[in-house]
Amino acid sequence: MTVPPTDTSHPDYFHRVVDCQWACPAHTDVPEYIRLIALGQFSDAYIVNRESNVFPGILGRVCDRPCEPACRRGRVEDKPVAICRLKRVAADHKDDISSRLPVIPAQKNGKKVACIGAGPASLTVANDLLPLGYEVVIFEQWDKPGGLMRTNIPAFRLPETVLAEEIGYIEQMGAQIRYNSRVDSMRELLETGGFDAVFVGSGAPKGKELKLPGRTEGGANIHIGINWLESVAFKHLDKIGEKVLIIGVGNTAMDCCRSSLRLGAKEVKVMARKPRQFFKASEWELEDAESENVDIVVNHAPKAFVVEHGKLKGMLFEQMEYDFDARGRITAERVTGETFIAADDVILAIGQENAFPWIENDLGIEFDKWHVPVVDVKTHQSTRPEVFFGGDAAFGPKNIIWAVEHGHQAAISIHNYCCDQPVTNRLPPTLNLSSRKMGLHEWSYKNDYNPVERRLVPHVSLVERFKKISIEVELGFDAEQTAKEVERCLNCDIQTVFEAKACIECDACIDICPTDCLTITQNGEEAELSQRLKAPRKHPHELLFVSAPLKHTGRVMVKDEDLCVHCGLCAERCPTAAWDMQKSTINLPHANDHQWPSPQQRKTA
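Residues numbered from 1 in each chain as written. Predicted model: local features only at pLDDT ≥ 70, side-chain atom pairs only at ≥ 80, totals over all residues. Heavy atoms only, no water.

**Concerning the sheet that holds strand β21 (residues 579-587)**
Put simply, the rule is: Pairing between strands is defined by DSSP: at least two bridges between them are needed. Each helix corresponds to a stretch of at least 4 residues labelled H or I by DSSP, and each strand to a stretch of at least 2 residues labelled E; elements are numbered beginning at the N terminus. Each axis is a line fitted through C-alpha atoms, and for a helix only the stretch in contact is used; angles between axes span 0 to 180 degrees, taken between their N-to-C directions.
With antiparallel pairing, the three strands of this open sheet are ordered in space as β16-β21-β17. This sheet does not close on itself; its edge strands, each paired only once, are β16 (430-435) and β17 (494-498). Averaged over all pairs of adjacent strands, the angle between their axes in this sheet comes to 40 degrees, without regard to strand direction. In this structure, β16 lies alongside β21, joined through six bridges in antiparallel fashion. Note on β21: the bridge partner recorded for Thr 430 is Asn 587.

**Focus on the sheet that holds strand β1 (residues 112-116)**
Sheet strands associate in pairs through backbone hydrogen bonding, adopting either a parallel or an antiparallel arrangement. Here is the rule: By the convention used here, residues are in contact when the closest approach between their heavy atoms is within 4.5 Å.
The sheet built from five strands is open, its strands ordered β3-β2-β1-β4-β15 with parallel pairing. Only two strands of the sheet have a single neighbouring strand rather than two, namely β3 (176-178) and β15 (387-389). Neighbour-to-neighbour, the strand axes of this sheet turn through a mean angle of 20 degrees, independent of strand direction. Note: strand β2 (residues 135-139) against β3, three bridges, orientation parallel. Counterpart to Val 137 in the pairing with β3 is Gln 176. With respect to the sheet, helix α6 (residues 120-129) is in contact with β1, β2, β3 and β4 (197-200), its orientation differing from that of β2 by roughly 170 degrees.

**Examining unusual backbone geometry**
Applied cut-off: Working definition: with a 1.4 Å probe on protein chains only, accessible area under 20% of the residue-type maximum means buried, over 50% means exposed, and in between means partly exposed.
In this structure, Lys 235 takes a positive phi of about 60 degrees despite not being glycine. By the element assignment, Lys 235 lies in the loop between α10 (225-233) and β7 (243-247). Residue classification places Lys 235 among the exposed positions, given a relative accessible area of 72%. Positive phi outside glycine occurs at Asn 491, with the angle close to 50 degrees. Within the element layout of this structure, Asn 491 appears in the loop between α16 (479-486) and β17.

**Concerning the nonpolar core**
This is how it is decided: Each nonpolar core is a collection of buried residues, namely Ala, Val, Leu, Ile, Met, Phe, Trp, Tyr and Cys, held together in the definition by side-chain atoms within 4.5 Å.
Core analysis: the largest hydrophobic core is formed by 68 residues, its most contacted members being Tyr 33, Ile 58, Leu 86, Leu 129, Ile 138 and Ile 414. If you tally residues by element for this core, the top one is helix α14 (residues 400-418), at nine residues. With residues up to four places along the chain from it excluded, the contact list for Ile 58 reads Met 149, Leu 158, Val 162, Leu 163, Glu 166 and Ile 400. Core analysis: the next-biggest nonpolar cluster, separate from the first, contains 25 residues, Ile 246, Val 249, Cys 257 and Ala 281 among them.

**Overview of the side chain of Thr 379**
Following the sequence through the fold, Thr 379 ends up in the loop between β14 (352-353) and β15. Overall, the relative accessible area of 4% leaves Thr 379 in the buried class.

**Focus on the packing of helix α2 (residues 30-38) against helix α3 (residues 42-53)**
Let me state the cut-off plainly: Just so you know how the angles are binned, under 35 degrees is roughly parallel, over 145 roughly antiparallel, 65 to 115 roughly perpendicular, and the rest oblique. Whether a crossing is left-handed or right-handed is set by the direction in which the near helix is turned from the far one by less than a right angle, anticlockwise for left-handed and clockwise for right-handed. Gly is placed with the polar residues, together with every amino acid not listed as nonpolar (Ala, Val, Leu, Ile, Met, Phe, Trp, Tyr, Cys and Pro) or charged (Asp, Glu, Lys and Arg).
Between α2 and α3, the shortest axis-to-axis distance is 8 Å and the interhelical angle comes to 165 degrees. Classified by the angle between their axes, α2 and α3 sit roughly antiparallel to one another. For α2 against α3, the interelement crossing comes out left-handed. For the pair α2 and α3, contact is made by Glu 32, Tyr 33, Leu 36 and Ile 37 and by Phe 42, Asp 44, Ala 45, Val 48 and Asn 49, respectively. For the contact of α2 with α3, the class distribution of residues is six nonpolar, one polar and two charged.

**Quick word on the packing of aromatic side chains**
Our working definition: Centres within 6.5 Å are what make two rings of Phe, Tyr or Trp a pair, Trp counting through its six-membered ring; a difference in plane orientation under 30 degrees is then read as stacked, over 60 as edge-to-face, and the rest as tilted. Two limits define a charge over a ring: the Lys NZ or Arg CZ must be within 6 Å of the ring centre, and within 35 degrees of the ring normal.
Taken as a whole and judged by the stated rule, the model has eight aromatic pairs. Ring plane angle 65 degrees and centroid distance 6.1 Å describe the contact between Phe 356 and Trp 358, whose orientation is recorded as edge-to-face. Side by side, Phe 356 and Trp 358 carry an identical accessibility label, which is buried. Ring pairing ties together the aromatic residues Phe 356, Trp 358, Phe 367 and Phe 389, which thus form one cluster. A cation sits over an aromatic face here: Arg 65 above Trp 284, 3.9 Å from the ring centre. Lying over the aromatic face of Tyr 46, Lys 94 brings its terminal NZ or CZ to 4.7 Å of the ring centre.

**A closer look at the packing of α10 against helix α11 (residues 251-262)**
Put simply, α10 and α11 touch, their axes get as near as 10 Å, and they point 45 degrees apart. By the criterion of interaxial angle, the relationship of α10 to α11 is oblique. The two elements α10 and α11 cross, and the hand of that crossing is left-handed. Taking contact as the criterion, the partners of Gly 225, Ile 226, Trp 228 and Leu 229 in α10 are, on α11, Thr 252, Asp 255, Cys 256, Ser 259 and Ser 260.

**Some details on the pairing of strand β11 (residues 311-324)**
Regular strands show a simple pattern: their side chains alternate between the two faces of the sheet. Alignment of strand β10 (residues 300-308) against β11, held across eight bridges, turns out to be antiparallel. When the sheet's bridge partners are listed, Ala 304 is paired in β11 with Leu 316. Taking the residues between adjacent antiparallel strands as the criterion, β10 and β11 are bridged by two residues, where His 309 takes a positive phi near 55 degrees. Looking at chain direction, β11 and strand β12 (residues 330-342) are connected through 11 bridges and run antiparallel. Directly across from Phe 324, in β12, lies its bridge partner Ile 330. From the end of β11 to the start of β12, which pair antiparallel, there are five residues, and Gly 328 there has a positive phi angle of about 80 degrees.

Structure representation (structure tokens):
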């Protein structure tokens, strides 16, 4: 991942911001909460998490983990730090944090906001606006909150108690969730609800169809994945046939196949049109499914549903073969044969779509040719100024952490809109650097490299987990596993910062660097300069940092950031303190950082 360096007041400094923090759309200070967990301060770690991702216990179980591929540990071995599972540790072992929740003002600001759907995006909007004095009303069609977190993620991955607790905090803050209150008319809501702004966080509730021969005739045993999971979640069905086919290989497909096993299926196959490298499901989701003996079949394209005497018997598939280019992209495909696979039930998990039949066409809310709302990607404002969209409802299906980030950004826009400020008036992200030096060769962080491998999360046995669909499969880390895992962190928030004017070109840092990421040489164009580095560049797209000219020879200090593990040995060895190790703290502003005079204050004035 390439991250542009943040300017400092010193032009001859170079550093890199925290990879895993920028990789996560709803930023969390990852090294800080790992440090707090190491100290046993679980409640503090939970609050650090909650400030940005809002749902540490939920995301500690089901996040898509965009931070982990950027983890610096992946530069020295295959497996990153188990960042996601450490979030769960903080959530599972915290004390009562009610007193640490944001303080809600007794005097409201006179503005009222409606949120449609009680999913992660709407809940985040409420979480951010309530402390600013807004009245927030959430309309939810079901009798319980959570949106697709509840209806599409099975209880064996995300227990009801975790959902209830973390959503409960937002209700405690004053969010009014009106259950069994489906919005059937946007016009009515806008004209009679008395709301100053409306946020649409209704998700992508429509599963895609597969219109093939036999679909109508076998319809009783052919199910749309997200609707089927919803029926399971609300206990509207509790059984399925012994032989089940899942069409699709996304995360929803993985939840469908594993749920099928818990409802009585004996043989479950997940059918994929393309090879495994093209799957949308996370690798760990695939591994969990395969550990439960789900058979994942590649290169099979659905051709027809086979129905005999009005009853589904299975499906007909075309066997596919592909050609690839040097970058692994498909250049040609061909059918090599045909095969029948028996099934009692088929579940279609081939994607989701937005659905807005309740938004009238003449309200000034524009949609594109795919009936996706026209929404600004930064402000989340629609073409009708007081209406905002976020989560899957805005740009199509993504994941929970993206929905949270959409909620944060929409809350800023709603706050600006209600304060008569331009919605584009947003504070920039900031990065603060502070030295970790305590003495001549002493630092306020531990920089030892711990060679232990990534801890494996304990699971309930295969025998036990199928007894009831609500049995959580992952048990989470125990104290010993947690201690080992946090020690794998390489302090990616501690940056190497170099001051060219202090360097005497003694080469001590170059001699001691364990990865050969440093080179002192004459400056030049990047392509030519790269040829003179001490170690070859592994990933040319990654940043290469070049200092100001050194005062003795005019040469430059060059650092290949891709190779650096931030061990700090350069700073320890340097006799002139030209190198320093500085903690970088990233702040991505939320609504409460935008301090405008409130509507109530302006009215009083």
